[in-house]
Each structure stands twice: as C-alpha cells, then as structure tokens.
Amino acid sequence: EGVQLRRGQHVVKTVRFLPGPDEAAGMGDESIFGPPAQHCKPAKAVEDPLARLELKAPHRKSSALNDLLLVLGDMESSQEEWPRLFLALCAITVPGDVAVMIEDPEPPDFGKLGALAFEYNAAVITRGREHSSGGSIWLDLAERAFRLRGEAKKTKVGPLYMDLIARGGADAQVYANVNLTLQNEQQCVAYDYPTLNANVSDKLKVIAKQSLSFYAISDFNGEDCGIFVAPLARGRWIHIWVDLESENMHAILRSEIHKSGRVIRSTDILRWLASDEVAVSVTPERRWGCSKNVGAGQLAHLGLNQVHRRSIELQDALYALRALDRGFAVLEILGLTGDVAIMVQEPELPKLWKLPSMSFRYSLSVVPADRQPPSDGNAITSGSFAVDLQHGHVRMTAEDADTTISAIFEPDVLAVRVDESKTPPRCLRLPVKQDNDSVSTDQDENQPIAAAGIFDGVQAVGNQSCNRFTFLGTGAHAESVELWFDQEEDTLCRLSMRPPAGDTGSGYWAVITVRRWEASAYHPASIFSEGEYSEGQVPDDWDCQEAGGGPGSGSWLSLAPQAPPDTLPTAAVLAKLAEASGVVGLLPPRAANTLSRLVALAPSKVPTTSPAPKINIFGPGLEMFSFSFTSRYPLQQHRSPASSAS
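Here is what the cut-offs are and how they apply
- Residues numbered from 1 in each chain as written.
- Predicted model: local features only at pLDDT ≥ 70, side-chain atom pairs only at ≥ 80, totals over all residues.
- Heavy atoms only, no water.
- Helix = DSSP H or I, 4+ residues; strand = E, 2+ residues; numbered from the N terminus.
- Expected span 1.5 Å × (residues − 1).
- Buried < 20%, exposed > 50% of the residue type's maximum accessible area, 1.4 Å probe, protein only.
- Disulfide = S-S within 2.5 Å.
- pLDDT = per-residue confidence, 0-100.
- Contact = heavy atoms within 4.5 Å.
- Pairing = 2+ DSSP bridges.

1. Topic: helix α11 (residues 569-584)
- Over its 16 residues, α11 runs 23 Å from end to end, which matches the ideal 22 Å to within 8%, given 1.5 Å per residue.
- Among the 16 residues that make up α11, 13 are buried, leaving the element largely enclosed by the rest of the structure.

2. Quick word on the state of the cysteines
- Inspection of the entire model under this criterion finds three disulfides.
- The side chain of cysteine 427 participates in a disulfide bridge whose partner is cysteine 544; the two sulfur atoms lie 1.7 Å from each other. Its S-S torsion of approximately 50° makes the covalent link between cysteine 427 and cysteine 544 right-handed. Of the two residues, cysteine 427 is situated in strand β19 (residues 426-431) and cysteine 544 in the loop between α10 (524-527) and β25 (545-546); the sequence distance between them amounts to 117 residues.

3. Some details on unusual backbone geometry
- The backbone of serine 260 shows a phi angle near 55°, a positive value even though the residue is not glycine.
- Within the secondary structure, serine 260 is located in the loop between β12 (252-259) and β13 (262-274).
- Its relative accessible area of 58% is what places serine 260 among the exposed residues.
- A positive phi angle is found at aspartate 543, which is not glycine, with a value near 55°.
- Within the secondary structure layout, aspartate 543 lies in the loop between α10 and β25.

4. Let's talk about helix α7 (residues 312-323)
- Spanning twelve residues, α7 covers 17 Å between terminal C-alpha atoms, matching the ideal 16 Å at 1.5 Å per step.
- Within the sequence span of α7, burial applies to Ile312, Glu313, Leu314, Gln315, Asp316, Ala317, Leu318, Tyr319, Ala320 and Leu321.

5. Some remarks on the confidence of the model for the chain
- Per-residue pLDDT for the chain has a mean of 77; in total, 74% of the residues score no lower than 70.
- Segment residues 56-61: pLDDT under 50, and 14 contacts once partners within four positions in sequence are set aside and those in other chains are kept.

6. A short note on the pairing of strand β22 (residues 480-486)
- By the criterion of burial, β22 is predominantly enclosed, with seven of the seven residues buried.
- Because side chains alternate across β22, one face comprises the buried residues Ser480, Glu482, Trp484 and Asp486, and the other comprises Val481, Leu483 and Phe485, equally buried.
- As judged from the five bridges shared by strand β21 (residues 464-471) and β22, these two strands associate in the antiparallel manner. Along β22, the bridge assignment pairs phenylalanine 469 with leucine 483.
- Counting the residues between successive antiparallel strands, the hairpin from β22 to strand β23 (residues 491-498) contains four residues, one of them, aspartate 490, with a positive phi of roughly 60°.

This is the structure in structure tokens:
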C-alpha cells in the first residue's frame, strides 16, 4: 500500500500507492517512457526555463532522482545486474521531491515565535586566526528580553565565563556578569539600556524590512537543509541552515556571518527549542552582586563600564530587540554568538611595523581643535602612500585643487616634485644622512619608539567596525595620534592627529581616512605612473636639481622642525601624514623623522638665483680676485702671534 522513509525515529516521507489510471493499461512502452511532449528541447537550448531539474549541489533535493538515474545508467555499462527490488525502492523514493525542485522553500518566520533557546559552538576568524567559544541563548520575544551565557577557555586573562542579560521592556536594563576562574575574580555590572543616534537607527530600520530569502539546498551533518540569507547592519550578511524535515519548528543547525565575501564567524547550533513554553530567566542572580558603581576593581581594565560600546554588533542587536521587528531581532542576536570574548577582551595594537610593505589611498579633512572630527567630512586633500619597510623605500603624494606634491624617500636621498597649475613641474633633491651607513631590515628596528596605544573602544568608520587606539602626546609637536584598525578585515581604517591638550582652539584636528588598503603590497608604479620606473631610484623625467640650504636660502625645499606660514598645504599634509605614520609604525623612525620635517614652498613664488659661472684662475677670463688668509711664522721653534689680512 505504500512506504515510509525514516531518518532515525522521524518519518521524513510517506508514499502511498493508488490504483493506476485505466488508460495506462493500453499504453505501450513508447508512450509511457517516451518524451512527455512533442516539442521537447535540449536543456542548453532553453534560455529562460520555467523549471530546472537540479541534480548537483547546492540543490540536493533531487538526490533521489539522481540516484535512480545513476543506477539506470550503470545497468547498460556494467556487467553486474542491479537487484530489481533495489531499483523499485529507488523509484519509490522519487515522489515528493519534484515540488521542491521547482519551488523555493518558505523561509522561517521567527517573528511568530514566542520564545526560543539553543546552545552553540562558535568560531570567530580574526586576522587569519580562529578563536572558539561556546554558550547558550534564551530569547523571550514577547517580553523583548534575552540572556546569553558564553564561555571562552583561551583568552589573555585565562578561562572566561559571561552572563549577559538584556531587558528591553519598560524597565530597560543590561547586566553583564563576568567570572575569571583562573584569577578567582567575579564582577557584575548593571548598565542603562543603550541608545543609537538617529542616523544609525534609521539605517537599521531600512535593513530590518528585508526578510530572509532562499539561497540553496545543502546537506549538514546528514540533514537536508535550506540555506537562507538576509542582510544585517554594517555590511554583514547572515546565512542560516534550516532543517526542512525537522519536527522542531524552524530548527536552525548552523549560522554564518559574511562580510566582504568572507566568513568572519560560524556557529553550530545545538538543541534548538522554539516554543511558547521556553523558560527565560532575565533577572540577575542575587549572588552576582550587580552594581552600577564599578569603582576601581580588578576587572575595570576589561572596560565593562562601556560594554555596549565594545561591540557595535551588540549595540545593534540590543536596539533591534527593543524597537524593531522580532524576526530581525532574532537574526541580529544569532550574529552575536562567538562575540563574547571580543566584548570583554581588549584587542591588541596591530603591529604594523612587522609588515614587509603596504600601500593605500587616503583623504584628509580638518576641523577646529575644539570640535569632534566629522564622521565623513569633506576632504580637502587626497593622495597615495606606499612603503617598503624591508628596504627603506617610501612613496607619498598629496594633491588639492591647486597643487600636487610627490615625495620619494630613499636611504640616501629625498626627492620632491611639485606640480602647480599653469606652471611646469619642478623637482629638487636633498641628501639624507645615513645612520650607521646601513639600512636596517630588522622588523623590530622599525618599531615606533612612542608609548603603546591605549584602546579606546570600537567605532564605526563607514561600514567597518574599527578598534580605536590613542597615542597620547606622542607627535613631534605634542599632538595625540589616533589609529582606527578593523581587526576582522585586517585593514587600516583611519588616522588622526589631535592638537595638544590646552590648545586654545587655534589648532586643527587632522583626520586621515584610509581607502584601498593593501597590506604586504608595495605599488609605487601605481602612484608614479612613469613608464620607465626603476626601483630605488628617482624617475629620470623628474629632472631633479640639487636643493640649497634651509628656509631663506632661495630654495623652495628644506627640512625644518617648524613649517613657515607660507609652506604649501599639500606639503604640510605630507609632513603630518609622515608624523602620524611614524608614531603608529607605518614608517621607519628614520623616514618618519625626515619626512615629518618636510618644508616645501610654492616654486613659482620663490625667486631663482643663477649660480656664479666657474672661471679658470689661469685663464684670460680672470680679471680680479680676493681672498682672506691667516699666517703663522715660523711653524717650528719660536712661535710668533698669528696675523690676518685680506
């Protein structure tokens, strides 16, 4: 009468046999097994088919049909006969798959759930290294609350266990309880529920309107799963594996967070439970001793007094839980798994000086010292930067509406070319004093002397989530240098130089936004487009002349600790960029020290002085001469006083 297919104890398919149609009895083999229509075409000849018969990944729902076709095809080429019972069973398993082949499965509707709970094992990929953690999540959608319990056994402070409770209802509150078992320390901190600015919340509202869409069918741990995708905040995408044959409502087996085409976090979901009867405790335990006044306890260095700022993803999830669609809130919270260690463990300063080389484009904007830098201000200058730290080659450019300045730094020479509008380009070169007559190739020698940067939290730079480090008063003029670095993307986001403390407001805050960052890549030819470029040399078509002395000598190029008021703005930008780059390790100390003192005036405004012609002192061209002298007589025995004359 029929068959049932089981996976474990679960029935995944039931096929019941019905009496065949009367007309089938009089049909011959050609009618039954021939083409179903007269005008069938090869699949390759149809540009826009109404349905596709997928026999390979990722659409594996037609695997039963694929197995049957493989067996039938093997019967003609193989000398062994397949058992007829096996052939019949293969044919019986095909019904039920056809509808799936021509219709996408429905995505899960998490917004209809009252509560859910699951355990997880997560892997976070940071700078090419994988960090694992595990935990559990309870979510009460009706009360807009959730609880995350996570553990990371390998952190800088030893094994770490954390309970995070968020209540987004009328009494909105966030609690974080951290237990460091190795140090025998525990601390619970209570926070006011975080808020987002209007710009960020508006973007989240737009993203929340985009629902899950079907992506593919795949197999995960022997289960047939539908893969659904949806956008999250800040350029991230979530991929979830839904068990299409589970009796458990919308059971998720796996999730992945993608950004810029890369998987940055993967999570295996265990014991998924979705039911209105799931018990969710969102009240902190009394023994935790939660307090808003943390004081100067031992755990203060973890930054728990700003826990919602340590992870932008957590801030987004908390806002979605409280104010947005329930289904989107579930997706944002699924994106938190594995982020526990990142929220409480301060990231390390990137060791940029250990890179062999790097290249990037940049734009620079400035604001008065008494204002915050704009999130995306108007750039007044842009340019390029390339450095080969192993061999001491540096290439930098800066350009604005009036001038383009290009600088080449080599171990023994500094060459600068200035292109002014409506005037031919001019180039001068200055000799650079060698230190110890050699160029260090030791990466540690390139490490900046300045104090280590202080971690100041995570900030958004465009679509990137960047760790911010501050180097207090380390610039040549007591400025504070700031560095933003995206740890997940392994890219430099931004640099800035803040005027020294106590500035009256006359100074400016220079913000350098980095674009097209390429680590371990040195592309000087993309900066200087000369066809006959030779590594380690100044291009011949620059036609560089030797520079004179310092400021006031008639030369427009010099090195000075303080730039004069009439220095070119683009030259001042290169000096600031070099100074900041030296502090954070983008430039070797010697190159940074030289380029940060760069002074270039407008060549068109500096009068040129022709050097005196050389005259043969024994030729007819010598008409008069003068000199000064000092003499002593005699040179030995009795000395007489020295006499001078001209």
